[in-house]
Amino acid sequence: MIERTYTGPRPRTVLPRGTIDTQMHMYLPGFPALPGGPGLPVDPLPTPDDYRRTMAWLGIDRVVVTQGNAHQFDNACLLACIAAMGDVARGVAVIAGDTPDAEMRRLCDAGIVGARIMDLPGGAVGLAGLADVDARAHAFGWMLAVQFDGTHILDRMPQLLALKSRFVLDHHGKFFSGIAPDSPQVDAVKRLIDTGKCWFKFAGCYESSRSGGPDYGDIAAIARLIAAYAPERIIWGTNWPHNAARVTADYPDDAALTDTVLSWFPSERERRLALVDNPQALFGFSSWSH
C-alpha cells in the first residue's frame, strides 16, 4: 500500500486555462498486468477519479494518457480510462509495425493520437521497432513518444533523423549518465529540434537527476537551455502517479514539483506555450474555449 496525495495547497505558479498534462498513466480495476511489464502500480490503483482530484488541485484542464508498461500491447485499460475522462483526454498507445488498419482506425476513434516507444526495461516496443512503428504512426497522422537512455543519443541520431512522424523526446531526454549544457548530447537535441519534427518533454526530472531534489540542478540546467532555445518545442507533464515511488515517503509533492519545473521557463509566455499551445497542436486538441 502507498498513500498518494491528490490535494493540498495549490502551486504558487498559476497554470494557464487549457493546460495539458502530457505525461501520466491511469488505471482501472479489471485489467491485469501482462508478462514482460513491471506490474501494476502499488495499491491502491490510481484511477481516473483520483486523477481528476489532482487536476483540480494543480489547475490542469486536459490530459494525454500514456499506455502503462504493465499492459504491454493490450490497450484496453488505456481506452477505458480515456472514455472515463471524456473529451478532455487523448491517448498514446502501444502498436506494432503490423498493427492492422482496422485496429488503427479503432484506436483513432477512441482518442489515440500517438504511439509509445519505450527502450528501457519493461517497455513493450524499443528502438529496434522504431522504424516500423513510425511507418504505421505516420500513415495515420500520429506522433511518437520516444523514451530511451539519452546518454546514447549520438548513436541513435541516424534513426531519429530518419523519422517521418513528429516525435517527443520523453523525460528530459533521460540522460542517466549525466550531461552538462555544453555536452555534445545537448547539441544533438538541438539538431533534432531544428528538423521541425522533434519536441522535448519536461516530465519526471527525478528519474534521471544525479544531483537530486528539491532543485534537480543538473536537469534544470539543460531544461532552461532548451526552453530558451526552442520554446515552441517544449511540452510538460506531471508524470503522475509517479510509479517509481513504491512507499509513501518517496511520493513527491505534486504542487512543489510543478513549481520547481515551471520555474525553468524564462517567462509566463514560454510557460503558456509549453502548457497549452504546443501540446494542443501536437496532440490534436481543439482550442480551449471553456
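Coordinates for the structure precede this section.
Residues numbered from 1 in each chain as written. Predicted model: local features only at pLDDT ≥ 70, side-chain atom pairs only at ≥ 80, totals over all residues. Heavy atoms only, no water.

**Some details on helix 6 (residues 184–194)**
An α-helical turn contains 3.6 residues, so any two residues separated by three or four positions project in the same direction. Note the following rule: Relative accessibility decides the category of a residue: with a 1.4 Å probe and only protein chains considered, values under 20% of the type maximum give buried, values over 50% give exposed, and everything between is partly exposed. The numbering of helices and of strands both runs from the N terminus, where a helix is a DSSP run of H or I of at least 4 residues and a strand a run of E of at least 2. Think of it as the arc spanned by the lines of direction from the helix axis to the C-beta atoms. In this analysis, two residues are considered to be in contact whenever any of their non-hydrogen atoms come within 4.5 Å of each other.
Looking at helix 6, one finds that the buried residues are Gln185, Val186, Ala188, Val189, Leu192 and Ile193. Burial along helix 6 is one-sided: seen end-on, the buried residues are contained in an arc of 155 degrees. Structural note: helix 6 exposes Arg191 and Asp194 on the side pointing more than 90 degrees away from its buried face. At its buried positions, helix 6 is contacted by helix 5 (153–161), strand 6 (167–169), strand 7 (198–202) and helix 7 (217–229). Once helix 6 ends, the next one or two residues include glycine 196, with phi positive near 85 degrees.

**Let's talk about the sheet that holds strand 5 (residues 143–147)**
We apply this condition: Pairs of strands are assigned from DSSP output, requiring at least two bridges between the strands. Helix axes are fitted to C-alpha atoms over the stretch in contact, other axes to C-alpha atoms as well, and angles between N-to-C directions run from 0 to 180 degrees.
The strand order 1-2-3-4-5-6-7-8 describes an open sheet built from eight strands, whose pairing is parallel. Here the strands that pair on one side only, and so sit at the sheet edges, are strand 1 (20–24) and strand 8 (234–236). This sheet shows a mean twist of 30 degrees between the axes of neighbouring strands, independent of strand direction. The sheet contact formed by strand 5 and strand 6 spans three bridges and is parallel. Residue pairing in the sheet places alanine 145 in a bridge with valine 168 of strand 6. On the sheet, helix 4 (residues 130–139) packs against strand 4 (112–118) and strand 5 and is oriented at approximately 155 degrees with respect to strand 5.

**Details of empty space enclosed by the protein**
Keep this limit in mind: Points on a 1 Å grid over protein atoms alone make up a cavity when a 1.4 Å probe fits among them but cannot get out, and a pocket when they form an open set with protein on both sides within 12 Å along at least five of seven lines; lining residues each have an atom within 4 Å of a point. Grid points are joined across faces, edges and corners, and a volume is the space filled by probe spheres set on the points. Any residue outside Ala, Val, Leu, Ile, Met, Phe, Trp, Tyr, Cys, Pro, Asp, Glu, Lys and Arg is labelled polar, Gly included; the first ten of those are nonpolar and the last four are charged.
As enumerated under the stated definition, the model contains four cavities of 30 Å³ or more in all. Taken as a whole, the largest cavity spans an internal volume of roughly 90 Å³. Taken together, Phe202, Ala203, Gly204, Cys205, Trp236, Gly237, Thr238, Asp254, Leu257, Thr258 and Val261 make up the full set of residues lining the largest cavity. Sort the elements by how many residues they give to the lining of the largest cavity and helix 8 (residues 254–262) lands first, with four residues. Class assignment for the residues of the lining of the largest cavity results in six nonpolar, four polar and one charged. Considering only enclosed or pocket space, the second largest cavity measures out at about 70 Å³ in volume. Lining the second largest cavity are His172, Phe175, Gly178, Ile179, Ser208, Asp218, Ile219, Ile222 and Ala223. Residue classes in the lining of the second largest cavity are distributed as five nonpolar, three polar and one charged.

**A closer look at the side chain of threonine 47**
Mapped onto the fold, threonine 47 is located in the loop between strand 1 and helix 1 (48–58). Setting aside residues up to four positions removed in sequence, threonine 47 forms contacts with Tyr27 and Trp240.

**Some points on the pattern of salt bridges**
Stated precisely, the cut-off is as follows: Salt bridge, as used here: a side-chain nitrogen of Lys or Arg that lies within 4 Å of a carboxyl oxygen of Asp or Glu.
Counted by the stated rule, this structure contains nine salt bridges. The salt bridge involving arginine 106 is made with glutamate 103; its shortest N-O contact spans 2.9 Å. One end of the pair is arginine 106 and the other is glutamate 103, both in helix 3 (residues 101–109) and three residues apart, which spans about a single turn. For arginine 106, a relative accessible area of 44% corresponds to the partly exposed category.

**A closer look at the pairing of strand 4**
If a strand is regular, its side chains alternate between the two faces of the sheet. As a reminder, the rule being used: Look down the strands so they point away from you; if the path from the first strand over the helix to the second goes clockwise, the crossover is right-handed.
Across the seven residues of strand 4, seven count as buried, placing the element largely inside the fold. Pairing geometry for strand 3 (residues 89–93) and strand 4, over three bridges, is parallel. Bridge pairing in strand 4 links valine 92 to glycine 114. Alignment of strand 4 against strand 5, held across five bridges, turns out to be parallel. The residue of strand 5 that forms the bridge with isoleucine 117 is valine 146. In this region the chain leaves strand 4, passes through helix 4 and returns to the parallel neighbour strand 5; the handedness of that crossover is right-handed.

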